[in-house]
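Reading the structure
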Amino acid sequence: MIRVLQFGEGNFLRAFAEDYFNSANNSGLFKAEVTICQPRINTRVINLLNEQDCNYNVYKRGRLNGEVVDEAVDITCVKECIDTVGEYDKLMAAFNTADVIISNTTEAGIVFNAEDKLKDAPNVSFPAKITALLYNRYRNGADKLLFLPVELIENNADELKKCILKYAELWSLDDSFKAYVETCSFCNTLVDRIVSGHTDGDEDPCSVNCEPYASWLIKADDYCKELLPLDKLQGIQYVSDIAPYRTRKVRILNGAHTMSVLAAHMCGIEIVRDMVHDEDFNAYIMRGLEEIKSTMNLDKAELDLYADSVLDRFDNPFIDHRLLDIALNSVSKFKARCLDSLLEYTESANEAPQILSFSLAALIDFYLYSGKANDSEDVISFFNVIKDESDEDIVSKVLEYFGVNNTLIYNKVLIHYISITKNGMRSAVREAVNG
């Protein structure tokens, strides 16, 4: 029996990690029992789970491999829920007998707080909680642990380990404890599944809706591979380096959104599903994805499969994903998701990419003329200042704002921007796709 202690009672883990452990149990791959505790004070969810013996439904709705999926999964792998604050002794006991620790405490969860003290029970920060519990486990002579954090930060397990060792120093814990920490397995992970939450009116108050697609990439060491053969389940991969897959997700999944939604909105489209069914934007996205994939050093067949899965996810008939929701803070999103693809394509091909260049021109038009731009005051102020300048100066100053000094990109973006302002977005999109 694999004993899993999970810090995080939210929708994502219950529709993701529990779904995988449930599949392992049902398939006979291994047997897992999950104990859930809440990182914060709020006990609403764990109370509801305890009231129904910790069983609940996960509804998978969307497209997978081109087929519509609409199924309910009965989650039965959760053994109990523990109140982190009110049942701390019980939590310590569960921690001492656990084999695996999973956490999802949001991007802000894995942080060091020098105000935390060992005697606090529980501690304020999540890493301090883990350090105190791990120290108690060490003093009780328990074996090493496997940590699988899923917080969406780079090198999440490494960052957690760093925090634990910093607390060991702050609290003057003995060197043998630090050596014990080094024996534990801290495996970086990258997770991906859209979880849309609970449907109001469902008789199961703990049910969760999600898409059928799921991906869990784990930089697994030998101990992780031996203890948890999770990679035998669909969507889980044990990899030697997560960085290329993080880049794949950011550039293809997130980048495809960012390069397309502003132009699509300016053409009167409101949701992602309608965008991918629009003939012009289907062609636009397909050509843009080819540009993005050409900048990446992963196997082409693997990239093609991932891009196909992204299009399936965009075409989810059960989720109305609004373009304007994705458009929030598009300047910073373009920098994080599209800019490297634009620069690397241009450097490699010695010409600027057609669609990625167009997407930047569309961003300029959206921020100047849509009246719908939702971004920081500094960004909005920048576009207000340049609004009445010439087309050439607008494009030049936007590229400078993005830190881009490349004549090939400037010329291509300017051509597209002039096309948009003179002919309208729809005509400009068609010209870009066919150009």
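In terms of regular secondary structure, the protein chain is built from 20 helices and 13 strands. Here the C-alpha atoms of the protein chain give a radius of gyration of 24 Å, agreeing with the 22 Å that 2.2 N^0.38 yields for 435 residues. If you line up the protein chain on its principal axes, its C-alpha atoms span 75 × 50 × 40 Å. When the 435 residues of the protein chain are sorted by exposure, 55% land in the buried category.

We now examine the pattern of salt bridges. Using the criterion set out here, one finds 26 salt bridges in the structure. Between lysine 79 and glutamate 33 there is a salt bridge, with the nearest N and O atoms lying 4.0 Å from each other. Of this pair, lysine 79 sits in strand β5 (residues 78-82) while glutamate 33 sits in strand β2 (residues 32-37); the two residues are 46 residues apart in sequence, bridging distant segments of the chain. With a relative accessible area of 27%, glutamate 33 lands in the partly exposed category. The partner of lysine 293 in a salt bridge is aspartate 304, with the nearest N and O atoms 2.7 Å apart. Pair noted here: lysine 293 is in helix α11 (residues 279-293) and aspartate 304 is in helix α12 (residues 300-314), with a separation of eleven residues, a long-range link. Looking at aspartate 304, the relative accessible area reads 22%, which means it is partly exposed. Salt bridges sharing common partners tie together Asp278, Asp280, Arg426 and Arg430.

The next point concerns the packing of aromatic side chains. If you walk through the whole model with that rule in mind, you get 22 aromatic pairs. Ring plane angle 15° and centroid distance 4.1 Å describe the contact between phenylalanine 382 and tyrosine 401, whose orientation is recorded as stacked. With a gap of 19 residues between them, phenylalanine 382 in helix α17 (residues 377-386) and tyrosine 401 in helix α18 (residues 391-401) connect regions that are remote in the sequence. With a relative accessible area of 16%, phenylalanine 382 lands in the buried category. What makes tyrosine 401 partly exposed here is its relative accessible area of 29%. Following the ring pairs from residue to residue traces out a cluster consisting of Phe334, Phe366, Tyr367, Phe382, Phe383, Tyr401 and Phe402. A cation sits over an aromatic face here: arginine 14 above tyrosine 56, 5.2 Å from the ring centre. Across the ring face of phenylalanine 112, the terminal group of lysine 166 is positioned such that the distance to the ring centre comes to 4.4 Å.

Pairing is mixed in the open sheet, where four strands are placed in the order β4-β3-β11-β10. Edge positions in the sheet fall to β4 (67-75) and β10 (195-197), since each has one partner strand and no second. On average, each strand axis in the sheet is tilted by 20° relative to the strand beside it, whichever way the strands run. Sheet topology places strand β3 (residues 56-64) next to β4; nine bridges connect them, and they run antiparallel. Each residue of the ladder has a partner; that of valine 58, found in β4, is valine 73.

The side-chain alternation of strand β9 (residues 189-192) yields two buried faces, one formed by Thr189 and Val191 and the other by Leu190 and Asp192. Relative to strand β12 (residues 215-218), β9 is paired through four bridges, and the arrangement is antiparallel. Pairing of threonine 189 across the sheet is with isoleucine 218, part of β12.

For the rest of this paragraph, the subject is the packing of helix α16 (residues 354-370) against α18. Closest axis-to-axis distance for the α16/α18 pair is 11 Å, and the angle between their directions is 105°. As far as their axial angle goes, α18 and α16 are roughly perpendicular. Packed against α16, whose contacting residues are Leu360, Ile364 and Leu368, the element α18 presents Ile394, Val395, Val398 and Leu399 at the interface. Counted by class, the contact of α16 with α18 contains seven nonpolar, no polar and no charged residues.

Bringing the nonpolar core into the picture now. Ranked by size, the top nonpolar core spans 71 residues in total, and within it Phe358 and Phe383 carry the most contacts. A per-element tally of this core places α16 first, with eleven residues. For phenylalanine 383, the residues in contact, after removing those within four places along its chain, are Val331, Leu363, Ile364, Tyr367, Leu368 and Val398. Counting residues in each nonpolar core, the second largest holds 46 residues, with Phe12, Cys77, Trp216 and Tyr238 among its members.

With that settled, the discussion passes to helix α14 (residues 330-337). Ser330, Val331, Lys333, Phe334 and Arg337 are the residues of α14 that are buried. The arc that holds every buried residue of α14, seen down its axis, measures 165°, which confines them to one face. Check the buried side of α14 and you find it contacts α9 (243-266), α13 (323-326), α15 (339-349), α16, α17 and α18.

Before going further, it helps to spend a moment on the sheet that holds strand β13 (residues 236-238). Pairing is mixed in the open sheet, where three strands are placed in the order β9-β12-β13. Two strands lie at the open edges of the sheet, namely β9 and β13, each paired on one side alone. Pairwise comparison of adjacent strand axes, ignoring direction, gives a mean angle of 10° for this sheet. Summarising the sheet, β12 and β13 pair through three bridges and their orientation is parallel. Residue pairing across strands places isoleucine 218 opposite tyrosine 238, the latter belonging to β13. Against the sheet, α9 makes contact with β9, β12 and β13, and its axis sits at roughly 25° relative to β9, the strand it touches most.

The contact between α11 and helix α20 (residues 425-434) brings their axes to 10 Å, and the two run at 45°. Of the possible angle classes, the one that applies to α11 and α20 is oblique. α11 and α20 meet at a crossing whose hand is left-handed. Touching Asp280, Phe281, Ala283, Tyr284 and Arg287 of α11 are Arg426, Val429, Arg430, Ala432, Val433 and Asn434, all from α20. When its residues are assigned to classes, the contact of α11 with α20 shows six nonpolar, one polar and four charged.

Parameters and conventions
- Residues numbered from 1 in each chain as written.
- Predicted model: local features only at pLDDT ≥ 70, side-chain atom pairs only at ≥ 80, totals over all residues.
- Heavy atoms only, no water.
- Helix = DSSP H or I, 4+ residues; strand = E, 2+ residues; numbered from the N terminus.
- Rg over C-alpha atoms; globule rule 2.2 N^0.38 Å.
- Buried < 20%, exposed > 50% of the residue type's maximum accessible area, 1.4 Å probe, protein only.
- Salt bridge = Lys/Arg side-chain N within 4 Å of Asp/Glu carboxyl O.
- Phe/Tyr/Trp six-rings, centres within 6.5 Å; stacked < 30°, edge-to-face > 60°.
- Lys NZ or Arg CZ within 6 Å of the ring centre and 35° of its normal.
- Pairing = 2+ DSSP bridges.
- Axes fitted to C-alpha atoms, helices over the stretch in contact; angles between N-to-C directions.
- Parallel < 35°, antiparallel > 145°, perpendicular 65-115°, else oblique.
- Contact = heavy atoms within 4.5 Å.
- Nonpolar A, V, L, I, M, F, W, Y, C, P; charged D, E, K, R; others polar.
- Core = buried A, V, L, I, M, F, W, Y, C linked by side-chain atoms within 4.5 Å.
- Arc of directions from axis to C-beta.
- Left-handed = near helix turned anticlockwise from the far one by under 90°.

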